[in-house]
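Observations on the model geometry
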Amino acid sequence: MYRYDEFDAQFVRERVAQFRFQVERRLDGQLTEDEFKPLRLMNGLYLQLHAYMLRIAVPYGTLSARQLRRLAHIARKYDKGYGHFTTRQNIQFNWIKLVDVPDILAELADVEMHCLQTSGNCIRNVTADHFAGAAADEIEDPRPLAEIIRQWSTRHPEFSFLPRKFKIAVGASAHDRAALKFHDMAVEIVRNDAGETGYRVYAGGGMGRTPYVAHVVGEFVAREDILAFLEAVMRVYNQSGRRDNIYKARIKILVNALGIEETKKQVQREFEEIRAAGTLQLPKEELDRIDAYFAPPQFEALSDDEPHSLDPTFAHWLKQNVSKHRRPGYAIATISLKPIGGVPGDASDAQIDALADLMDEFGIAEIRVSHEQNLVLPHVRKKDLPAIHKRLKALGLATPNAGLVSDIIACPGLDYCDLANARSIPIAQDIATRFADLDRQHDIGELKIKISGCINACGHHHAGHIGILGVDKKGVEYYQLQLGGSGAEDASIGDIMGPGFTAQNIGPAVERVIDTYLKLRRDGERFLDTYRRVGMEPFKNMAYLEQMYAAH
Amino acid sequence: MAAPQPQVLTANRLRDGDVVYWNDGIWIEVFAKAQIFADKAGADAALAAAQAFVTDRIVVNPYLFPVREEEGRIRAVEEREIVRSEGPSVRRDLGKQATLESFDVSI
Amino acid sequence: MPLIKDGAFAEDAFVTVADDAALPTNGAIVSLARFRKEREALLARNAPLGVVLKPAESPEVLGEDVHRLSVIVFEFPVFRDGRAFSWARMLRERMKFDGEIRGAGHFLYDQIEFMKRTGFTAWDVPEGFTLELFNRALGEISNVYQPSADGKKTIGELRGGIAEARET
């Protein structure tokens, strides 16, 4: 993974001092809250329902054991002993004091971490496929490019006061595990017919009040031109994105208003000028230098035999949470942070420390955060899987539900978030508990439920096979269902079913929706496939069944 | 004309972000002890007085929210304020609900 | 308002005039609307001229006239409106404007360095603002990751330089 050189290290140290000065000026009155707010947001510091929340950047979701230990330490020393892994591969702490933040930043800088640009109207954390470098189906590791984009976008003088936030993702596989098409901008590493590697650039995707699937704005951008192209897109957005209405300020609105042809035209004009100026060309030496950081670990020559264990639960976990690695004898292991009835995406300081120990013991140098709020061990020796499973079980981290109905994505919701209209975590807990039975979960198969507590859609509910949006109707929490969304390469926005359900009724409604799928499905169909084949009506009829009876 | 809904004045402490409530010119942590304003004039006057604490960098964003009486105690009308006064409903071991004396967890 | 230019407080050589006010004999800064309306007369004056632009006004509309202007002012109605950073770069990089680019209105101390990097050369600062603060704003972060209108060497270039030096 990337290691800071003296420039990066100096940068974060100076950044800590800069933020310390900003906090001083706030506390001594030189800055009002209105002036301080954009500064603290640029450092990922929100004022939430109970306290300040600090969001720490985890570039493309990659962490070392040393960094994990520091995060556990921060959870203990400055928070209440746990952290939350987010849908943008970051980690956030919920009980932070403003006065502690400069010290926290200093402690993070020691382990090459920071909180810069995890909030605010700037370019945010660059996310990437959480199986990067390990997946059997990737063209190349997307993270060197993600790192290049990260550096280019850090304190970019032209793009730090955008109309609104800007999220970039990078992928390198036909199987889109990074939800590229729901990002403001995304880069897909592709190969053309001549076998050359280049970049397909998407823009204008997004969730929120008005979800959109991104359009292709650059079909095949040459490697050395990618930053010039991205800068061109950013410039068009910064100049022309709406600033009169925060709900209409994302690039997705601009792309839709201009139309894709005009968007491409404006981008092309900027791109040609920037490329001609030559200052953003990536020299090969720099590309090679960064590539070297992401060289795969020294793989051993190992048998590719499936591992066995006397533990009967191992087979479930192997089947569900272990994915194919590009290298024989190795595997990718997903650590579920969705224990039945638990808070999705949360991990305690003890769990985080134990994972660091586990990594050291089994020689795994990196761990990943997925945007589905789970953790991933990318390079695991197959023969180590039984022992690792045993350790994870003892930690409560071995729930074999990756991608199943109880692997729910939920934003913090009204239990934590100042923006929320409804609670989301209890709904996730309720649904997971209803489907606790593992056999039932396997029978249902792949089913991605995503829950958001407000229209900002941090739970990505538009991309859920079943999406749930919490709303406030005259002071009562209601939950709207959406069906048929997908964040993968077959990106689609879920269709809204109809009126919302109360907190008590949403769980049963989801059960009836899933029962409908089980009745109607054909061989091999996932929930998503059946929905796409039969449409909303059968599901809608069953979901509102109780209401129909109640009305009589 | 219906009686005005009683209100409570709240804010967050600048330094630690903690939720606080107004009681006769001081900021306290326990919702149950917050001052209740039966009429708009009293509430508005307190909100105006609270601005000094903003200027003095004690609190940020003071605002009024509606409450009602239920079985002899005050309760926030909005779920959001209930959560703010107690802590996360999914972690009853955290926040005010877990640490403050004379705290009455809502059921 | 105090003006900082070339690293020091400077006398403002211009008067910013309202659309219906009389023009001064010396340097005048007018709105874009007024410039368009009275272009001939303004350019014919034997005195320096500047235009103040609002965030929605792209400098591109000035075309070649930009080279007859001594100063372009970007007025920040709120600090959140970051369009001027793109407009300043456009002036420098596309339009090759080499006059003064001045920031006015509601910008933050924390935006000063970004302004400099994108091509600003003068700042209308609040009363009481010091040179010490100004210099501090510019010096808080030593190095930059990306190229901009100021031509400052990026970390990437510095790395390359060090690598070269190590090889020789």
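Calculation notes
Residues numbered from 1 in each chain as written. Chains lettered and ligands numbered in written order. Predicted model: local features only at pLDDT ≥ 70, side-chain atom pairs only at ≥ 80, totals over all residues. Helix = DSSP H or I, 4+ residues; strand = E, 2+ residues; numbered from the N terminus. Rg over C-alpha atoms; globule rule 2.2 N^0.38 Å. Buried ≥ 20, exposed ≤ 12 C-beta atoms within 10 Å, placed from the backbone. Contact = placed C-beta atoms within 7 Å. Nonpolar A, V, L, I, M, F, W, Y, C, P; charged D, E, K, R; others polar. Domains from an automatic or database assignment. Pairing = 2+ DSSP bridges. Axes fitted to C-alpha atoms, helices over the stretch in contact; angles between N-to-C directions. Parallel < 35°, antiparallel > 145°, perpendicular 65-115°, else oblique. Left-handed = near helix turned anticlockwise from the far one by under 90°. Core = buried A, V, L, I, M, F, W, Y, C linked by C-beta atoms within 7 Å. Expected span 1.5 Å × (residues − 1). Arc of directions from axis to C-beta. pLDDT = per-residue confidence, 0-100.

Here's the deal with the overall build of chain A
Along its length, chain A carries 18 helices and 21 strands. Relative to its length of 552 residues, chain A is compact, with a C-alpha radius of gyration of 23 Å against a globular reference of 24 Å. When its C-alpha atoms are laid out on the principal axes, chain A stretches across 65 × 60 × 60 Å. Counting all 552 residues of chain A, 58% fall into the buried class.

Some points on the interface of chain C and chain A
The partner chain A presents 31 residues to the 30 residues of chain C that form the contact. Of all the secondary-structure elements, those providing two or more residues to the side of chain C that touches chain A are helix H3 (83-94), helix H4 (112-118) and helix H6 (155-167) of chain C. When the residues that make up the side of chain C that touches chain A are grouped by side-chain class, the tally is ten nonpolar, ten polar and ten charged.

Topic: the domain arrangement of chain A
Residues and elements named next belong to chain A. In terms of domain boundaries, chain A breaks down into domain 1 (6-110), domain 2 (142-290), domain 3 (312-395) and domain 4 (409-551). One C-alpha centre belongs to domain 2, the other to domain 4; they are set 31 Å apart. Every contact between the two is made by eleven residues of domain 2 and, on the other side, eleven residues of domain 4. In terms of residue class, the side of domain 2 that touches domain 4 is made up of six nonpolar, two polar and three charged.

Comments concerning the environment of His50 of chain A
Structurally, the position occupied by His50 of chain A is in the loop between strand S1 (45-47) and strand S2 (52-56). With 368 residues separating them along the chain, His50 of chain A and Asp418 of chain A place their C-alpha atoms 8.8 Å apart. Discounting chain neighbours no more than four positions away, the residues touching His50 of chain A are Asn94, Trp95 and Tyr416 of chain A together with Val19, Arg84, Gly87 and Gly95 of chain B.

Comments concerning the sheet that holds strand S5 (residues 91-96) of chain A
All names here are of chain A. The five strands are arranged S1-S2-S5-S4-S13 in an open sheet whose pairing can be described as antiparallel. The open sheet has two edge strands, S1 and strand S13 (346-348), and neither has a second partner. Ignoring strand direction, the axes of neighbouring strands in this sheet form an average angle of 30°. Here S2 runs beside S5; their pairing, made up of four bridges, is antiparallel. Each bridged residue has a counterpart across the sheet, and for Ile56 the counterpart in S5 is Ile91.

Some details on the packing of helix H1 (residues 6-27) of chain A against helix H4 (residues 101-110) of chain A
All names here are of chain A. Contact geometry of H1 with H4 gives a least axis separation of 9 Å together with a crossing angle of 175°. In this view, H1 runs roughly antiparallel relative to H4, as classed from their interaxial angle. Counted together, Val12, Arg13, Val16, Phe19, Arg20 and Val23 of H1 and Val101, Pro102, Leu105, Ala106 and Ala109 of H4 form the full contact between these two elements. For the contact of H1 with H4, the per-class residue count stands at nine nonpolar, no polar and two charged.

Quick look at the interface of chain B and chain A
Taken together, the contact pairs 21 residues of chain B with 22 residues of chain A. With four residues, helix H2 (residues 79-86) of chain B is the single largest residue contributor to the side of chain B that touches chain A. By residue class, the composition of the side of chain B that touches chain A is eight nonpolar, five polar and eight charged.

Section: the packing of helix H3 (residues 65-78) of chain A against helix H11 (residues 349-361) of chain A
Residues and elements named next belong to chain A. For the pair H3 and H11, interaxial distance at closest approach is 8 Å and the crossing angle is 165°. Taken together, H3 and H11 sit at an angle that is classed as roughly antiparallel. Along this stretch, H3 crosses H11, giving a crossing that reads as left-handed. Here Ala65, Leu68, Arg69, Leu71, Ala72, Ala75 and Arg76 of H3 come into contact with H11, specifically with Asp349, Ile352, Asp353, Leu355, Ala356, Met359 and Asp360.

Remarks on the nonpolar core
Among the nonpolar cores identified, the biggest contains 230 residues, and Leu54, Val170 and Val233 of chain A are the most heavily contacted of them. The element that contributes the greatest number of residues to this core is helix H6 (residues 226-240) of chain A, accounting for ten residues.

Things to note about helix H8 (residues 260-277) of chain A
Residue and element names in this part refer to chain A. Helix length check: H8 (18 residues) gives 26 Å between terminal C-alpha atoms against 26 Å at 1.5 Å per residue, within 8%. Every buried residue belonging to H8 is among Thr263, Lys264, Gln266, Val267, Glu270, Phe271, Ile274 and Arg275, and all of these are buried. One face of H8 carries all of its buried residues, which in axial projection span an arc of 165°. Set apart from the buried face of H8 by more than 90 degrees, the exposed residues are Glu261, Lys265, Glu272 and Ala276. Residues of H8 that are buried sit in contact with strand S10 (215-222), H6 and helix H7 (251-258).

Some words on the arrangement of the chains
Contacts are most numerous, across the two pairs of chains in contact, for chains A and C. Nothing in chain B touches chain C; the tightest C-alpha to C-alpha distance between them is still 19 Å.

Points about the environment of Lys382 of chain A
Residues and elements named next belong to chain A. Looking at where Lys382 falls in the secondary structure, it is placed in the loop between strand S15 (375-381) and helix H12 (385-395). Its 21 C-beta neighbours within 10 Å are what place Lys382 among the buried residues. Beyond its immediate stretch of four places on either side in the chain, Lys382 contacts Leu302, Asp304, Pro307, Gly329, Tyr330 and Ala331.

As for the sheet that holds strand S8 (residues 185-191) of chain A
All names here are of chain A. Strand order in this open sheet of five strands is S6-S7-S8-S9-S10, and the pairing throughout is mixed. The open sheet is flanked by strand S6 (127-128) and S10, the only strands paired with a single partner. Sheet topology note: the S8/strand S9 (residues 197-203) ladder contains seven bridges and is antiparallel. Its bridge partner being in S9, Ile189 is matched across the sheet by Tyr199. Sitting on the sheet, helix H5 (residues 143-153) touches S6, strand S7 (168-171) and S8, and the angle it makes with S7 is about 160°.

Quick word on the confidence of the model for chain B
In the predicted model, chain B carries a mean pLDDT of 91, and 92% of its residues have values of at least 70. Two numbers describe this predicted complex: its pTM, 0.96, and its ipTM, 0.97.

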